[in-house]
Amino acid sequence: MDATSASITLEDVGKVYPDGTAAVSGFSLEVRAGELTVLIGPSGSGKSTILRMINRLIEPTSGQILIDGRDVLKQDPVELRRQIGYVIQNVGLFPHHNVRTNVGTVPRLLGWDRKRTEARADELLDLVGLDPARYAKRYPHELSGGQRQRVGVARALAADPLVLLMDEPFSAVDPIVRARLQEEFLRLQASVRKTIVLVTHDIDEAVRMGDRIAVLAEGGKLLQFAPPAELLSRPASPEVRDFVGADRGIRRLAVTPVRDVMSPYDGPTDGLPTVEATASLHDALAVMLTDDSETVVVVENGRPVGSVTRAAVFQVPATV
Ligand code: ADP
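I will try to describe carefully the structure that is included in this document. A quick note: this is a predicted structure, and the numbers were derived from the prediction, not measured.

**Remarks on the site of the ligand**
Item 1. The ligand sits among Tyr-17, Asp-19, Thr-21, Ala-23, Pro-42, Ser-43, Gly-44, Ser-45, Gly-46, Lys-47, Ser-48 and Thr-49.
Item 2. In the environment of the ligand, a nitrogen atom lies 3.4 Å from a nitrogen or oxygen atom belonging to the side chain of Tyr-17.
Item 3. Interatomic distance of 2.8 Å between a backbone N/O atom of Ser-48 and an oxygen atom of the ligand.
Item 4. For the ligand, whose accessible area on its own is 560 Å², the fraction buried by protein is 61%.
Item 5. With 3 residues, helix H1 (residues 47–54) is the single largest residue contributor to the shell around the ligand.
Item 6. Of the residues belonging to the shell around the ligand, the class tally is 3 nonpolar, 7 polar and 2 charged.

Rendered as structure tokens:
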């Protein structure tokens, strides 16, 4: 699959609904190509409105939205939406179409022939972990919630869109399935590297999924835009601090790699527990507690490259 993705620029964007509700005012954000950007905030803060203005399901009343420098308001909305994948909470699969036909929706609209469309649908089903031989001919009601969500993701990716918009994509499934879908989706994103904007109200989901997180307040007011570790270690205001929650210390350990705090180490590893260099401080602490050890050795390609002590974990400064 092509690694095609695009940056998105929102400049001073506003939306006043016909009834006079100013849902979003003067909102600006730079979404980097190939990154997953999360919009988070309380209900009614304008997250969905912002998301839907990007594919013009909602027309902005002011400001500019550019995808790779091209003004979306100057493009045909139907054409535009074919280049933008869109995944919503209850997926919105066509109930009377089978899985393969659902996944092939946009390629078919783009005029691909039947063979190419089906081959593409099956490739995408494979990519989201659904064996086409088993699932392609099923109807949506013959799938679990998690499987329907995977089909929704496959459909959104079918025409290799520049951008993927996701509105609370995992919130309709139970927590265990949600965690698995999130993990699978991150693996998928590591290979397709789409520009993704994901709306959620769940801070754990935001921290787990986001390369960058935009925290919004009412009226689409942008309180902070930062990578997860920075958001947790340096909330820009008491409002953000409250929003990310009292357990942000634990969350911060989960998003801080051991690599960032380890000391050099090339001594013996005999008897000492080890973690991979890609592990988080949270993982390192779990290993130390399980093994009742004060130190964990960090290994890369089987060789020790550093070590982390319990004391170091607890001293992670607020500026990490
Ligand atoms: P969020 O996604 O953060 O929950 P929304 O973008 O759905 O927030 O809504 C932002 C604000 O706009 C809310 O006050 C909501 O009531 C209002 N709103 C949403 N859609 C409409 C509409 N069609 N007409 C009038 N107001 C709306």
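**Details of the packing of helix H12 (residues 248–255) against helix H13 (residues 281–291)**
Item 1. At their nearest, the axes of H12 and H13 sit 5 Å apart, and the two run at 100° to each other. The angle between H12 and H13 falls in the class roughly perpendicular. Mapping the contact onto sequence places Ile-250, Leu-253 and Ala-254 in H12 and Leu-281, His-282 and Leu-285 in H13.
Item 2. The class makeup of the residues in the contact of H12 with H13 is 5 nonpolar, 1 polar and no charged.

**Details of the environment of Gly-271**
Item 1. Structurally, Gly-271 can be placed in the loop between H12 and strand E11 (274–276).
Item 2. Among the residues examined, Gly-271 registers a relative accessible area of 81% and is labelled exposed.
Item 3. Each C-alpha atom, one on Gly-271 and one on Gln-89, is 48 Å from the other, the two residues being 182 residues apart in sequence.

**Digging into the sheet that holds strand E5 (residues 70–71)**
Item 1. Strand order in this open sheet of 4 strands is E2-E1-E4-E5, and the pairing throughout is antiparallel. Each edge of the sheet is formed by a strand with only one pairing partner; in this case those strands are strand E2 (22–31) and E5.
Item 2. In the sheet, strand E1 (residues 8–16) pairs with strand E4 (residues 62–67) via 5 bridges, with the strands oriented antiparallel. Looking at E4, one finds that Ile-8 is bridged to Ile-67.
Item 3. Each of E1, E2 and E4 touches H1; the most contacted strand, E1, lies at about 120° to it.

**Things to note about unusual backbone geometry**
Item 1. Positive phi, close to 50°, is recorded for Asp-160, a residue that is not glycine.
Item 2. Unlike most non-glycine residues, Glu-168 shows phi in positive territory, near 45°.
Item 3. Mapped onto the elements of the fold, Glu-168 is located in the loop between strand E7 (163–167) and helix H8 (175–192).
Item 4. Residue Glu-168 is classed as buried on the basis of its relative accessible area of 12%.

**Quick look at the pattern of salt bridges**
Item 1. By the definition in use, this model includes 12 salt bridges.
Item 2. Ionic pairing is found between Asp-122 and Arg-100, a salt bridge with its closest N-O pair at 2.9 Å. You can see Asp-122 sitting in helix H5 (residues 114–127) and its partner Arg-100 sitting in helix H3 (residues 99–103), a full 22 residues away along the chain. Each member of the pair Asp-122 and Arg-100 is classed as buried.
Item 3. Across the pair Glu-184 and Arg-150 runs a salt bridge, and its minimum N-O distance is 2.7 Å. Of the two residues, Glu-184 is situated in helix H8 and Arg-150 in helix H7 (residues 145–157); the sequence distance between them amounts to 34 residues.
Item 4. On the basis of relative accessible area, Glu-184 is assigned to the partly exposed category, the value being 23%.
Item 5. Residue Arg-150 is classed as buried on the basis of its relative accessible area, which comes to 11%.
Item 6. Salt bridges sharing common partners tie together Asp-292, Glu-294 and Arg-310.

Cut-offs applied
- Residues numbered from 1 in each chain as written.
- Predicted model: local features only at pLDDT ≥ 70, side-chain atom pairs only at ≥ 80, totals over all residues.
- Heavy atoms only, no water.
- Near = heavy atom within 4 Å.
- Polar contact = N/O pair within 3.5 Å; in protein donor to acceptor, adjacent residues only side chain to side chain.
- Areas by Shrake-Rupley, 256 points an atom, 1.4 Å probe, with all protein chains shown as cover.
- Helix = DSSP H or I, 4+ residues; strand = E, 2+ residues; numbered from the N terminus.
- Nonpolar A, V, L, I, M, F, W, Y, C, P; charged D, E, K, R; others polar.
- Axes fitted to C-alpha atoms, helices over the stretch in contact; angles between N-to-C directions.
- Parallel < 35°, antiparallel > 145°, perpendicular 65-115°, else oblique.
- Contact = heavy atoms within 4.5 Å.
- Buried < 20%, exposed > 50% of the residue type's maximum accessible area, 1.4 Å probe, protein only.
- Pairing = 2+ DSSP bridges.
- Salt bridge = Lys/Arg side-chain N within 4 Å of Asp/Glu carboxyl O.

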